[in-house]
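Descriptive structure summary
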Amino acid sequence: MQSMEVFRESTPSSHEARFDLKFLKRFLKICTLIFPSVKHPASLLTFLLLIICFLQQVLTYFIGLVPGKFFKTLNDKDEDGFRSVLVEALLLVLSKAFVLSIQTYVSSVIYITWRKSICTKLHNIYFTDILYYKLNVLDKSIDNPDQRITQDVERMCSTFSKVLVPLIITPFTIGYYTYKCYVASGFVGPVSCVVTFIFFTVINKVLMTPAAKYFYRQEKMEGNFRFKHMQIRTFAESAAFYRAGNIEKEKTNEKLNSLLSTQHKLIRWELALNCSINSADYIGSILSYVAIAVPIFLGSYNNLTPGKLSALISNNAFFSIYLINCFTTLIDQAVEITDVVGAGHRIGQLFEELFRLKVKQAEDDNFKEGNLEMSQLRTDKIRFLDFKSVTYGLPKSSKLLCRDLNLRLEESTNILVTGESGCGKTSLFRTLFGLWTLRSGSIEDYIGIGSRDIICLPQKPYFTDGTLRDQVIYPLQDSDVVPDDAKIYKYLELLGLNDLLDRLGGLDVDAGWNWYDEMSPGEMQRLSFVRLFFHEPRVAVLDESTSQVSQAMEELLYRTCKELKITVFSIGHRSTIRQFHDMELVIGPGAVWSLKPIHLMSVDELDPLGINNASIDN
């Protein structure tokens, strides 16, 4: 968490990406994550890359002198000297080829190291408690968090690994070749190069800002387009029942057209940027000859023989051209830096929003320290949950769903939640698990929300990737549970899911299934109950978790919960499940509620629940 502290003071997220002070601040903070210390592998690899690049520059210098040596030996008709220069040239060229290959390899390793570092740190906070839910469902302050983690991090790390070394090495090579150029041609060469560089740098800065902005927008549109196709893939069957091909085609084409329109604007700005960059390259090559011509026309080298003059002209041309090349190398990075700017803004925003949500979650946490301590001490093993004057409503809305709810959940007292659709039944469970923030009141937790003592089976069953065993023991891993294959086989057979074993080939065979495509809704609900029975929690929160199974199977599921002494807190519409519950919580219009027994119970029996009448209305 300490690594995230650097994002605490960040200004609110911008929805535009510019090459400005805000980008520099964000990017420097990202650099503190990929270079946490001098001894970190990323830092050591970067230092190694600098050494390799320095060696490459040395080889380039000696290779640049080779043409002059060839000119001299050819002018002097020195056959032995020519052979010697030829061997030297071959060794230098092969050495540079090897060094360039090693440079590319080390650069790729650095990219992988950076990507792992940033993604790991993002995952550490993204998967903290339920921040991923708040960022994707409730907050939505930034677009496509998944794309930022999977694609933007990749692009920024890949591009930055390619431009980092040129940006560091080039200033030093500029200094060296400026000196060599000055010695050869006086002030004309260096001054003309510097003026040209400044001129094109200013132009490129003007062109980079809109290019970075449209790159940022392009990434957002890419995410929207990809998400639309993911939506169709996920809900293909539902859409097919509606024969919704035409309307989905139109909506998908809208996303595509928005993306392509943004890309057209981006490539137009990149066209102007590339024109500036290429102009700098070719104008620079002409300037090199102008710089060399001045001392020659002034007669500075009249005393040299033709061979030595040819060698000198070749060397001086190399110095001047390479100086221009160093300047244009910096200019050439403009397009690459545009990618870094756009991706860097998006990653920086993601870190800022995650940290903001983390702080807000800590401030809004309704499960106070005192309550957690009570949970850990287990001073009252019968009482599970206490809703005390709980009021909740839709996030970012003034609409209330339930006001001043007082409810106690105790061992072996099953509660059924009923009410019209949209009245706030599922929302009650969202507040219980901290997905939504209470407007007022508190929930005292004596079993530890998020522990193995309470498990929720939501309306939409969730299955992760992996084996059948992974689905059953979820949300735990193999290392967290005691192996008990017999228990798993028992409940698979009890709920009629043995065919899954046959189709998969065993508990530990990963067939690469998309579980939502391979199972019917009823099978998914039954497999969710296999998971519940395997864990045997003290409390099961069931949100219409039997809506897709038969009445006979539903009775079996609830009877098994009773046999395992699992207290159930259910939402359901079928009248058949009432027999498995003791109390009914009705949430009605206007945020009112009532709690009453399903079976006739005496006042004394109801009193442990904190109820003084057979029915409590609010």
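Residues numbered from 1 in each chain as written. Predicted model: local features only at pLDDT ≥ 70, side-chain atom pairs only at ≥ 80, totals over all residues. Heavy atoms only, no water.

This paragraph deals with the sheet that holds strand S1 (residues 383-393). Taken together, three strands build an open sheet; the order of strands is S2-S1-S4 and the sheet is antiparallel. For this open sheet the edge positions go to strand S2 (400-410) and strand S4 (440-445), each flanked by a neighbour on one side alone. Direction aside, neighbouring strands of the sheet carry axes that sit 10 degrees apart on average. Relative to S4, S1 runs antiparallel, the two being bridged by five bridges. Of the residues in S4, the one forming a bridge with Phe-387 is Ile-443. (Pairing = 2+ DSSP bridges. Helix = DSSP H or I, 4+ residues; strand = E, 2+ residues; numbered from the N terminus. Axes fitted to C-alpha atoms, helices over the stretch in contact; angles between N-to-C directions.)

Below, the discussion takes up empty space enclosed by the protein. Going through the model one piece at a time under the given rule, you end up with two cavities of 30 Å³ or more. As a volume, the second largest cavity reaches approximately 30 Å³. Here the residues of the lining of the second largest cavity sort into three nonpolar, three polar and no charged. (1 Å grid on protein atoms, 1.4 Å probe; cavity = no way out; pocket = protein on both sides within 12 Å on 5 of 7 lines; lining within 4 Å. Points joined across faces, edges and corners; volume = space filled by probe spheres on them. Nonpolar A, V, L, I, M, F, W, Y, C, P; charged D, E, K, R; others polar.)

Bringing the nonpolar core into the picture now. Counting 55 residues, the largest nonpolar core has Trp-114, Ile-118, Leu-122, Met-156 and Phe-160 as its most contacted members. Within the residue set of this core, elements represented by two or more residues are helix H1 (21-34), helix H2 (41-76), helix H3 (79-126), helix H4 (131-139), helix H5 (145-185), helix H6 (188-234), helix H8 (245-297) and helix H9 (306-364). If you tally residues by element for this core, the top one is H3, at 13 residues. With 42 residues, the next largest nonpolar core counts Leu-500, Leu-532, Val-549 and Ile-598 among its residues. (Core = buried A, V, L, I, M, F, W, Y, C linked by side-chain atoms within 4.5 Å. Buried < 20%, exposed > 50% of the residue type's maximum accessible area, 1.4 Å probe, protein only.)

For the rest of this paragraph, the subject is the state of the cysteines. A covalent bond between the sulfur atoms of two cysteines is what we call a disulfide. In the structure shown here, the tally under the stated rule is zero disulfides. You can see Cys-119 has no disulfide; the closest cysteine sulfur is in Cys-157, sitting 7.0 Å from it. Overall, the relative accessible area of 13% leaves Cys-119 in the buried class. (Disulfide = S-S within 2.5 Å.)

Looking at the element boundaries, Ser-107 is found in helix H3. For Ser-107, a relative accessible area of 11% translates into the label buried. Excluding residues within four positions of it along the chain, Ser-107 makes contact with Leu-49, Ser-161 and Lys-162. (Contact = heavy atoms within 4.5 Å.)

Okay, the confidence of the model for the protein chain next. Averaged over every residue, the pLDDT of the protein chain is 80; the share at 70 or more is 82%. When mean pLDDT is taken per element in the protein chain, helix H17 (residues 551-563) scores highest with 94 and strand S10 (residues 616-617) scores lowest with 38. (pLDDT = per-residue confidence, 0-100.)

Our focus in this paragraph is the pairing of S2. Note that S1 and S2 share seven bridges and pair antiparallel. If you follow Leu-385 over to S2, its bridge partner there is Leu-409. Between S1 and the antiparallel strand that follows it, S2, lie six residues; Lys-396 among them carries a positive phi value of about 55 degrees.

All right, on to the pattern of salt bridges then. In total, this model carries 18 salt bridges according to the counting rule given. For Arg-408, the salt bridge identified is with Asp-386, shortest N-O distance 3.0 Å. With Arg-408 in strand S2 and Asp-386 in strand S1, this pair connects stretches of sequence that are 22 residues apart. Where salt bridges share partners, they join Asp-499, Arg-503, Glu-518 and Glu-523 into one cluster. (Salt bridge = Lys/Arg side-chain N within 4 Å of Asp/Glu carboxyl O.)

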